[in-house]
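A closer look at the structure
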Amino acid sequence: MGDYRVGETISFTIRITNTGDVVINTLPQEDRFSRIFLQYQSASPLPTPTTFAGGIIRWPDLLAGDPDGLGISETVSVDVYFTTAADRSLLPAISTCSSSGHTPNLARSVRATSSAGTVVEDADDTSCDAVEILNPTAVTLAGRSMNQTDSGVLLRWETINELDILGFKAAPEK
């Protein structure tokens, strides 16, 4: 999907297409994400209720109020907006659908129903996309050390490449 910096707004569009042979009458949907790396901003349509926990946004029925349901080959879409929150560049994959350095967004249609009953879930009922979130001040270290001295702690580090580094700022003492 692309590379983003911490603090940027990103969006995922979830498209659900009825590939079956019956009209879907109810279509529950959920969107799972890591709250460490993505902060929920908004969605269209709004999830109901608008509160969610644990990095899961839920829509009890995307077809609510549509008496015709989701016909064969018809599509419904959801747009979800997030603010990127933390750098993932040096971390391992956190799901089977994302690679190292990327944070996933996992969309699932769960327990959809038709006039024939509950729609059988299969592999295409789950979809994943992932983004790389970078902090422009993050550096890759070639080496580092820390030694206790009489006057405090001595930190030493060496970066792999300092071409794009403007400098380092010490944190204030607590």
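So, a few notes on the structure that sits alongside this text. (Residues numbered from 1 in each chain as written. Predicted model: local features only at pLDDT ≥ 70, side-chain atom pairs only at ≥ 80, totals over all residues. Heavy atoms only, no water.)

Thoughts on the sheet that holds strand β2 (residues 9-17)
- Judged by pairing direction, the sheet is antiparallel, and its 3 strands sit side by side in the order β2-β7-β5 without closing on themselves. Of all the strands in the sheet, the pair left with one neighbour each is β2 and β5 (38-44). For this sheet, the mean inter-axis angle between neighbouring strands, taken without regard to orientation, is 25°.
- In this structure, β5 lies alongside strand β7 (residues 75-84), joined through 6 bridges in antiparallel fashion. The residue bridging S42 from the neighbouring strand is Y81, located in β7. (Pairing = 2+ DSSP bridges. Helix = DSSP H or I, 4+ residues; strand = E, 2+ residues; numbered from the N terminus. Axes fitted to C-alpha atoms, helices over the stretch in contact; angles between N-to-C directions.)

Focus: the packing of aromatic side chains
- Going through the model one piece at a time under the given rule, you end up with 3 aromatic pairs.
- On the numbers, 5.9 Å between centres and 75° between planes, the contact of F12 with F82 is edge-to-face. Highlighted residues: F12 in strand β2 and F82 in strand β7, separated in sequence by 70 residues. F82 shares its class with F12; the two are buried.
- Look at Y40 and F82: their rings are 6.4 Å apart centre to centre, the planes differ by 75°, and that puts the pair in the edge-to-face class. Taken together, the residues Y40 in strand β5 and F82 in strand β7 connect sequence positions 42 residues apart.
- Through a chain of ring-to-ring contacts, the aromatic side chains of F12, F33, Y40 and F82 assemble into a single cluster. (Phe/Tyr/Trp six-rings, centres within 6.5 Å; stacked < 30°, edge-to-face > 60°. Buried < 20%, exposed > 50% of the residue type's maximum accessible area, 1.4 Å probe, protein only.)

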